[in-house]
Amino acid sequence: MSSTYKIITYGCQMNVHESEKIAGMLESEGLTPAEEAEIADVIVLNTCCVRESAETRVLGNLGILKKAKERKPDMKIIVCGCMTQAEGVAEKLKKRCPFINAIIGTHNLNKIPVLLRAYDKKTQIEITEEQGINEKIPIARTSGINAWVNIMYGCNNFCSYCIVPYVRGRERSREKKNIISDVKQLINDGYKQITLLGQNVNSYGNDLNGKTENFPSLLRDLSALDGKFRIKFMTSHPKDILIETADAIAESDKLSRFVHMPAQSGSDRILRLMNRKYTSAEYLAKIDMLKSKLPDVGLSGDIMVGFPTETEDDFSDTLKIVTATEYNNLYTFIYSRRSGTPAAVMEGQVPISDKKRRIRELIDLQFAIGNRLAEKCVGNTYEVLCTEYKNGKIIGETNCGKAVTLAGNKELIGKFINVRITENKNSKLYGVNTL
Ligand code: SF4
């Protein structure tokens, strides 16, 4: 019987996709997926360190795996991902959890098969600062008709609360021809929705020949490929999204009208402290540009409350930007200290009681906005891509990122159908297939 593996993934979509690459490497070594971590021969923890809570969960899981390894001593435990690349963490992990077989940094993922073969009883650490792009890692995709494609890695922005640039390195764009060839292959393989991934997709190509290999030109080239498919992308930094990007989207119905563009705060003072490099007026001007070029745009964003020194006035500016933007979806966060970032040592940390009150107010505001926008969809017909079959229903997605539930059978998965929205229940849309 072949050896089995289990990957436990923490954090964002980038990590979920990275786990597909880890799975691809393990399967090339002859391993097969295991149902449960406790019975797997190889367990990979693909970690996140954007929030301290994710780190705490990793440590909790390692405690459980220690017991599993006592029962199954030949189990191999590998820890990789952002947490391992943060300063001093690998050594600390090695000391605290000597039962880990390998600790691998974000730039050394391709070493997983080698480390497995050269497995040693002592914890091996493979972490370098060298940043590159490895085009040769196989990918075992697990996401049905959806596929993710990295177009770039790293980030140059150094937002003062964020650890990503320290653990993922500087921006590195993949060559356009490699991305196009991947997407072409995915379309041929039957994938219908392809999401381009990058910490800041709008700066794609700045490190290449930014004139011809930029994000709008990538979108245009991808939308020219044959077939019926949809291209999505995330994340957009407000300072970098260009009018040309909106033009490229407007020209093609293969490009999604869903834009995730985090504001983080509506207070110019807080935005400066966050090192976001735009003002609330500049953010709203970008939103206006998107709405005028793409009247059916679906917007989502991230807002953080309780950043150091945030006052009631700052928070009220945040409520104003949320009201003016009208997000369809909003991801809301309470600021928490992330050691290794400039914000972690700022004076004026906000009491947790204020943070909790503010986030409740923000969630209530967003619920009312989202519900009002959803209500406006009732009676309209949208082209919907059927993505999932759950509890006897089909879940689909419109081209502007709205989720819709409707009656239908599994055969509809992967099909584009026209759906008339018949009901909005607390921001959840329901519809009927009009073919
Ligand atoms: S843009 Fe800012 S928040 Fe996003 S990954 Fe880069 S540093 Fe972090």
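Counting from 1, residues in each chain are numbered in the order their sequence is written. Reporting of local features is limited, given that this is a predicted model, to residues whose pLDDT is at least 70; pairs of side-chain atoms are given and counted only at 80 or more, and all residues count toward the totals for whole chains, interfaces and linings. Only heavy atoms go into the side-chain values, all of them from the structure, while hydrogens and water stay out.

1. Things to note about the packing of helix α7 (residues 176-188) against helix α8 (residues 215-223)
Applicable threshold: Here an angle of 0 to 180 degrees is reported between the N-to-C directions of two axes, which are lines fitted to C-alpha atoms, with helices fitted over the stretch in contact. Per the convention used, a helix needs a DSSP run of H or I reaching at least four residues, while a strand needs a run of E reaching at least two, with both numbered from the N terminus. Handedness of a helix crossing follows the sense of rotation of the near helix relative to the far helix, less than a right angle counterclockwise being left-handed and clockwise being right-handed. Residues count as neighbours in contact if any of their non-hydrogen atoms are within 4.5 Å of one another. Following the grouping adopted for this structure description, the nonpolar residues are Ala, Val, Leu, Ile, Met, Phe, Trp, Tyr, Cys and Pro, the charged ones are Asp, Glu, Lys and Arg, and the polar ones are all others, Gly among them.
The contact between α7 and α8 brings their axes to 10 Å, and the two run at 35°. In this structure, α7 crosses over α8, and the sense of that crossing is right-handed. The residues of α8 that touch α7, namely those facing Lys 176, Ile 179, Ile 180 and Val 183, are Ser 217, Leu 218, Asp 221 and Leu 222. Grouping the constituent residues of the contact of α7 with α8 by class yields 5 nonpolar, 1 polar and 2 charged.

2. Let's talk about the pairing of strand β17 (residues 403-407)
Heads up, the rule is: Two strands pair under a simple rule: DSSP has to find at least two bridges between them.
Where strand β16 (residues 393-398) lies against β17, 5 bridges are found, and the strand directions are antiparallel. Directly across from Gly 396, in β17, lies its bridge partner Val 404. Between β16 and β17, which pair antiparallel in sequence order, lie 4 residues; one of them, Gly 401, sits at a positive phi of approximately 85°. Looking at chain direction, β17 and strand β19 (residues 428-433) are connected through 3 bridges and run parallel. The partner of Thr 405 across the bridge, within β19, is Tyr 430.

3. Examining the sheet that holds strand β18 (residues 416-425)
Around the barrel, 5 strands lie side by side as β15-β16-β17-β19-β18; this closed barrel has mixed pairing. With direction set aside, neighbouring strand axes in the sheet form an average angle of 50°. Sheet topology note: the strand β15 (residues 381-390)/β16 ladder contains 6 bridges and is antiparallel. Directly across from Cys 386, in β16, lies its bridge partner Gly 396. Where helix α13 (residues 352-377) meets the sheet, it contacts β15, β18 and β19, and its direction lies at approximately 125° from that of β18.

4. Quick notes on the site of the ligand
Note the threshold: The cutoff for a nearby residue is simple: one of its non-hydrogen atoms must lie within 4 Å of the molecule or strand.
In the vicinity of the ligand, the contacting residues are Cys 155, Asn 157, Phe 158, Cys 159, Tyr 161, Cys 162, Val 164, Pro 165, Gln 199, His 237 and Arg 276. Its residues placed into classes, the shell around the ligand shows 7 nonpolar, 3 polar and 1 charged.

5. Considering the domain arrangement of the protein
For the record, the criterion: Marked domain ranges trace back to an automatic or database domain assignment. Note: buried area is the sum, over both parts, of the accessible area (probe 1.4 Å) each one loses when the two are combined. For salt bridges, the criterion is a side-chain nitrogen of Lys or Arg within 4 Å of an Asp or Glu carboxyl oxygen. Polar contacts, as counted here, are pairs of nitrogen or oxygen atoms within 3.5 Å of one another; within protein the pair requires one atom able to donate a hydrogen and one able to accept it, and residues that are adjacent in sequence qualify only if both atoms are side-chain atoms.
Segmenting the protein into domains produces domain 1 (4-126), domain 2 (143-256), domain 3 (257-377) and domain 4 (381-433). Just the C-alpha atoms count here: the centres of domain 1 and domain 3 sit 34 Å apart. The interface is formed by 5 residues belonging to domain 1 together with 4 residues belonging to domain 3. With both sides pooled, the region where domain 1 packs onto domain 3 buries about 430 Å², and carbon together with sulfur makes up 32% of that total. Joining domain 1 to domain 3, the criterion identifies 0 salt bridges. For the interface between domain 1 and domain 3, the tally reads 1 residue pair in polar contact (both at pLDDT 80 or more). Residue composition of the side of domain 1 that touches domain 3, by class: 2 nonpolar, no polar and 3 charged.

6. Remarks on the pattern of salt bridges
Just so we agree on the cut-off: Relative accessibility thresholds used throughout: buried, under 20% of the residue-type maximum; exposed, over 50%; partly exposed, between the two (1.4 Å probe, protein chains only).
Taken as a whole and assessed by the stated rule, the structure comprises 22 salt bridges. Of the charged contacts in the structure, one is a salt bridge between Asp 182 and Arg 174, with a shortest N-O distance of 2.8 Å. The partly exposed category is assigned to Asp 182, whose relative accessible area is 28%. Under the relative-accessibility criterion, Arg 174 is labelled buried at 5%. Close ionic contact of Glu 175 with Lys 177 constitutes a salt bridge, the shortest N to O distance being 2.9 Å.

7. Description of unusual backbone geometry
Residues Met 234 and Thr 235 are joined by a peptide bond in cis, for which omega reads 10°. Mapped onto the secondary structure, Thr 235 falls in the loop between β11 (230-234) and α9 (243-251). One non-glycine residue, Asn 391, lies in the positive phi region at around 50°. A relative accessible area of 77% places Asn 391 in the exposed class. Its identity as a non-glycine residue notwithstanding, Ser 427 has a phi of 75°, on the positive side.

8. A look at α9
For clarity, the threshold we go by: Within this analysis, the arc is defined by the directions that extend from the helix axis to the C-beta atoms.
All of the buried residues along α9 are Thr 245, Ala 246, Ala 248 and Ile 249. For α9, the buried positions fall inside an angular range of 160° around the axis, keeping them on one side. In the core, the buried residues of α9 are packed alongside α8, β11 and α11 (280-293).

9. Description of the environment of Phe 333
Within the element layout of this structure, Phe 333 appears in strand β14 (residues 329-334). Given the relative accessible area of 23%, Phe 333 is considered partly exposed. Residues within four places of Phe 333 in sequence aside, it is in contact with Arg 51, Asp 302, Ile 303, Met 304, Val 305 and Ile 359.

10. Focus on the packing of aromatic side chains
In plain terms, the rule: The aromatic pairing rule takes the rings of Phe, Tyr and Trp, using the six-membered ring of Trp, and pairs them if the centres are within 6.5 Å, calling planes under 30 degrees apart stacked, those over 60 edge-to-face and the rest tilted. Two thresholds decide whether a charge sits over a ring: the Lys NZ or Arg CZ must be within 6 Å of the ring centre and within 35 degrees of the ring normal.
A full pass over the atoms with the stated rule returns 5 aromatic pairs. Taking the centre distance of 6.0 Å and the plane angle of 35° together, the rings of Tyr 278 and Tyr 283 count as tilted. Accessibility assignment for this pair places Tyr 278 and Tyr 283 in one class, buried. Between the aromatic rings of Phe 307 and Tyr 335, the centroid separation amounts to 5.4 Å while the plane-to-plane angle is 65°, which identifies the pairing as edge-to-face. With Phe 307 in the loop between β13 (298-305) and α12 (312-325) and Tyr 335 in the loop between β14 and α13, this residue pair connects regions lying 28 residues apart in the sequence. For Phe 307, a relative accessible area of 0% corresponds to the buried category. The structure contains a cluster of three or more aromatic residues connected by ring pairs, namely Tyr 161, Phe 307 and Tyr 335. Stacked on the ring of Phe 258, the Lys or Arg Lys 232 has its end atom at 5.2 Å from the ring centre. Sitting over the face of the ring of Tyr 430, Lys 425 holds its NZ or CZ atom 5.1 Å from the ring centroid.

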